[in-house]
Amino acid sequence: MTYMNDTANIKQFQLIKFINDNCDDDHLMSKISIVLRRDKIEAPYYMDSKIRLSSCIDRAENGVIHAMNLLNHNRMYNLTEDQFSEIKSLIEDIFDDKSEDVKVYKEEKKLKIVLMSKNNDETRKILDDYHELFDKIDSLIE
């Protein structure tokens, strides 16, 4: 059983950085979404992170010719109030509505960010620009 627990504790952002750094395909696309919520009774402070990595063979003028999913990872976190507040503050301090690579959605009890990239360089830039947030999320995994 220990083996299963060890393999399940993937540090998501370290993994996508590793994949990005070691991928020969220049067309590695990524979509990262992070949702903070504080509306559940059984888990009042909650975060859900989803990461999708895809590779495409080529791009046509009006879209992708062929895409292949490389990674589709989802992790749900029950947070303490302090962890929730710290991550929420990081998101609010780092992201603004003017960023082209990030979409921010704010509701009363929900905060969602979506980051998308179209190639390795854009993914690398996202990982570098927002490493403080990604490191904080990865540190939640023991």
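Since the model is a prediction, treat every value here as computed from it, not as a measurement. (Residues numbered from 1 in each chain as written. Predicted model: local features only at pLDDT ≥ 70, side-chain atom pairs only at ≥ 80, totals over all residues. Heavy atoms only, no water.)

Draft legend 1. Representation of the pattern of salt bridges in the model. On inspection of all chains with the given rule, the structure shows seven salt bridges. Lys136 is paired through a salt bridge with Glu86; the nearest N and O atoms lie 3.0 Å apart. One end of the pair, Lys136, is in helix α5 (residues 131–138); the other, Glu86, is in helix α3 (residues 81–94), with 50 residues separating them in the sequence. Overall, Lys136 belongs to the partly exposed group, its relative accessible area being 22%. In this structure, the salt-bridge partner of Asp129 is Lys125, at a minimum N-O distance of 2.6 Å. Separated by four residues within a single helix, Asp129 and Lys125 lie in helix α4 (residues 120–129), roughly one turn from each other. Using a relative accessible area of 48% as the deciding quantity, one classes Lys125 as partly exposed. Three or more residues are tied together by salt bridges with common partners; here these are Lys17, Asp21, Asp121 and Arg124. (Salt bridge = Lys/Arg side-chain N within 4 Å of Asp/Glu carboxyl O. Helix = DSSP H or I, 4+ residues; strand = E, 2+ residues; numbered from the N terminus. Buried < 20%, exposed > 50% of the residue type's maximum accessible area, 1.4 Å probe, protein only.)

Draft legend 2. Up close: the side chain of Ser30. On the secondary structure map, Ser30 appears in strand β1 (residues 28–37). Given the relative accessible area of 6%, Ser30 is considered buried. Of note is the side chain of Ser30, whose polar atom sits 2.5 Å from the side chain of Ser117. For Ser30, the side chain forms a polar contact with the side chain of Thr123, separated by 3.4 Å. Apart from the residues within four sequence positions on either side, Ser30 is in contact with Arg52, Leu53, Leu115, Met116, Ser117 and Thr123. (Polar contact = N/O pair within 3.5 Å; in protein donor to acceptor, adjacent residues only side chain to side chain. Contact = heavy atoms within 4.5 Å.)

Draft legend 3. Representation of α3 within the structure. Between the first and last C-alpha of α3 there are 20 Å, a value that for 14 residues agrees with the 20 Å anticipated at 1.5 Å per step. Listed as buried for α3 are Phe84, Ile87, Leu90 and Ile91. Along the axis of α3, the buried residues cluster in a sector spanning 130°; they form a single face. Residues Asp82 and Asp93 are exposed on α3 and point more than 90 degrees away from its buried face. Considering only its buried residues, α3 is in contact with β1, β2 (46–56), β7 (110–117) and α5. (Expected span 1.5 Å × (residues − 1). Arc of directions from axis to C-beta.)

Draft legend 4. How the structure looks around the packing of helix α2 (residues 12–21) against α5. For the pair α2 and α5, interaxial distance at closest approach is 7 Å and the crossing angle is 125°. By the criterion of interaxial angle, the relationship of α2 to α5 is oblique. Of the residues in α5, those touching α2 at Gln12, Phe13 and Gln14 are Phe134, Ile137 and Asp138. Partitioned by chemical class, the residues of the contact of α2 with α5 number three nonpolar, two polar and one charged. (Axes fitted to C-alpha atoms, helices over the stretch in contact; angles between N-to-C directions. Parallel < 35°, antiparallel > 145°, perpendicular 65-115°, else oblique. Nonpolar A, V, L, I, M, F, W, Y, C, P; charged D, E, K, R; others polar.)

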